[in-house]
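# Observations on the model geometry
These are the residues of each chain, in order.
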Amino acid sequence: MNHWLLKSEPDVYSWDDLVREKVGRWDGVRNYTARNNLIAMKKGDLGFFYHSNIGKEIVGIMKVVKEAYPDPTDEKGKFVCVNVAPVEKFIRPVTLAEVRAHPKLHNLLLLKQNRLSVMPIGVDEWNILCDLGNGNFTR
DNA sequence: GCCAACGTTGGC
DNA sequence: GCCAACGTTGGC
């Protein structure tokens, strides 16, 4: 199983919106690197939900419930989307500042590739971030 | 609102 | 195929 991080501006589509919908369509991606990551997702993979711009924090964990298919919002038919469902909300969100300050998270693509909206997360980093989100600070 | 990073487009 | 110009994203 692979792990991911997906960004959304919460005033456009937030964690609460996903919870309300129960299953959300992760569409609107218009970047080839991000698209390739969407295509690589398998059903059951887990991903962090990151609020960009407003909040700048990881707010919860979701899972892939439908693998990549053509994005209906892309009239040119080049891009894809997946369906995701909420798994759990973090007890406390993990902020970008916190990620940046953590000695073991310096290689996260979140820091290195600012603008990438769909990215893979290594399992070690995944576990660290989950611990932080669940209020467990042991390292 | 500004700016840095970086992806995309188009001219050559 | 290169590169300048431009547009977009996202943090501050």
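Above this text sits the structure in question.
Let me sum up the structure you'll find in this document. (Residues numbered from 1 in each chain as written. Chains lettered and ligands numbered in written order. Predicted model: local features only at pLDDT ≥ 70, side-chain atom pairs only at ≥ 80, totals over all residues. Heavy atoms only, no water.)

Assigned secondary structure in chain A consists of five helices and six strands. For chain A, the α and β elements follow one another from N to C terminus as β-α-β-α-β-β-β-α-α-β-α. Compactness check: chain A gives a C-alpha radius of gyration of 14 Å against a globular reference of 14 Å for 139 residues, within 12% of the reference. Across its three principal axes, chain A shows a C-alpha extent of roughly 45 × 30 × 30 Å. Here chain A, with 139 residues, has 45% of them falling under the buried criterion. With an accessible surface of roughly 7400 Å², chain A has 50% of that area assigned to carbon and sulfur atoms. Charge-centre separation for chain A: the mean point of 20 positive side chains lies 3 Å from the mean point of 17 negative side chains. (Helix = DSSP H or I, 4+ residues; strand = E, 2+ residues; numbered from the N terminus. Rg over C-alpha atoms; globule rule 2.2 N^0.38 Å. Buried < 20%, exposed > 50% of the residue type's maximum accessible area, 1.4 Å probe, protein only. Areas by Shrake-Rupley, 256 points an atom, 1.4 Å probe, with all protein chains shown as cover. Lys, Arg positive; Asp, Glu negative; His and termini not counted. Charge placed at Lys NZ, Arg CZ, Asp CG, Glu CD.)

Bringing the protein's contact with DNA strand B into the picture now. Near DNA strand B the following residues occur: Asn-31, Tyr-32, Lys-112 and Arg-115. For DNA strand B, the fraction of protein-proximal atoms (within 4 Å) that sit in sugar or phosphate groups is 58%. The residue inventory of the surface near DNA strand B, partitioned by class, reads one nonpolar, one polar and two charged. (Near = heavy atom within 4 Å. Nonpolar A, V, L, I, M, F, W, Y, C, P; charged D, E, K, R; others polar.)

Right, let's get into the side chain of His-3. Topologically, His-3 is positioned in strand β1 (residues 3-8). His-3 sits in the buried class, given a relative accessible area of 10%. Discounting residues that sit within four places of it in the chain, His-3 has contacts with Leu-46, Met-119, Pro-120, Ile-121, Val-123 and Trp-126. (Contact = heavy atoms within 4.5 Å.)

Quick look at the protein's contact with DNA strand C now. Contacts to DNA strand C come from Lys-7, Glu-9, Tyr-50, Ser-52, Asn-53, Lys-56, Leu-96, Arg-100, Asn-114, Arg-115 and Ser-117. When the atoms of DNA strand C within 4 Å of the protein are grouped by moiety, sugar and phosphate amount to 79% of the total. In this structure, Tyr-50 approaches DNA strand C through a side-chain N or O atom, which is 2.9 Å from a phosphate oxygen. The contact in question runs from a phosphate oxygen of DNA strand C to an N or O atom on the side chain of Arg-100, over 2.5 Å. (Polar contact = N/O pair within 3.5 Å; in protein donor to acceptor, adjacent residues only side chain to side chain.)

A few words now on the nonpolar core. Trp-26, Phe-48 and Leu-129 are the most contacted members of the largest nonpolar core, which has 39 residues in total. Not counting chain neighbours up to four residues away, the residues in contact with Phe-48 comprise Trp-4, Leu-5, Leu-6, Ile-58, Gly-60, Ile-61, Met-62, Phe-90, Ile-121, Trp-126, Leu-129 and Cys-130. (Core = buried A, V, L, I, M, F, W, Y, C linked by side-chain atoms within 4.5 Å.)

Let us look at the sheet that holds strand β2 (residues 24-26). Strands belonging to one sheet form pairs held by backbone hydrogen bonds; the direction of such a pair is parallel or antiparallel. Strand order in the open sheet formed by six strands is β2-β5-β4-β3-β1-β6, and the pairing between neighbours is mixed. Only two strands of the sheet have a single partner each, and these edge strands are β2 and β6 (118-121). Recorded for the sheet is a direction-independent mean angle of 40° between the axes of neighbouring strands. The pairing of β1 with strand β3 (residues 46-51) spans six bridges and is parallel. Each residue of the ladder has a partner; that of Leu-5, found in β3, is Phe-48. Taken strand by strand, helix α5 (residues 123-133) contacts β1, β3, β4 (57-70), β5 (80-95) and β6, and its axis lies near 50° from that of β5. (Pairing = 2+ DSSP bridges. Axes fitted to C-alpha atoms, helices over the stretch in contact; angles between N-to-C directions.)

When we look at a pair of aromatic rings, we describe it by the centre distance and by the angle of the planes. Under the definition given, this model contains seven aromatic pairs. The structure contains a cluster of three or more aromatic residues connected by ring pairs, namely Tyr-13, Trp-15, Trp-26 and Phe-49. Geometry around Tyr-69 places Lys-66 over its ring, the cationic atom sitting 4.2 Å from the centre. (Phe/Tyr/Trp six-rings, centres within 6.5 Å; stacked < 30°, edge-to-face > 60°. Lys NZ or Arg CZ within 6 Å of the ring centre and 35° of its normal.)

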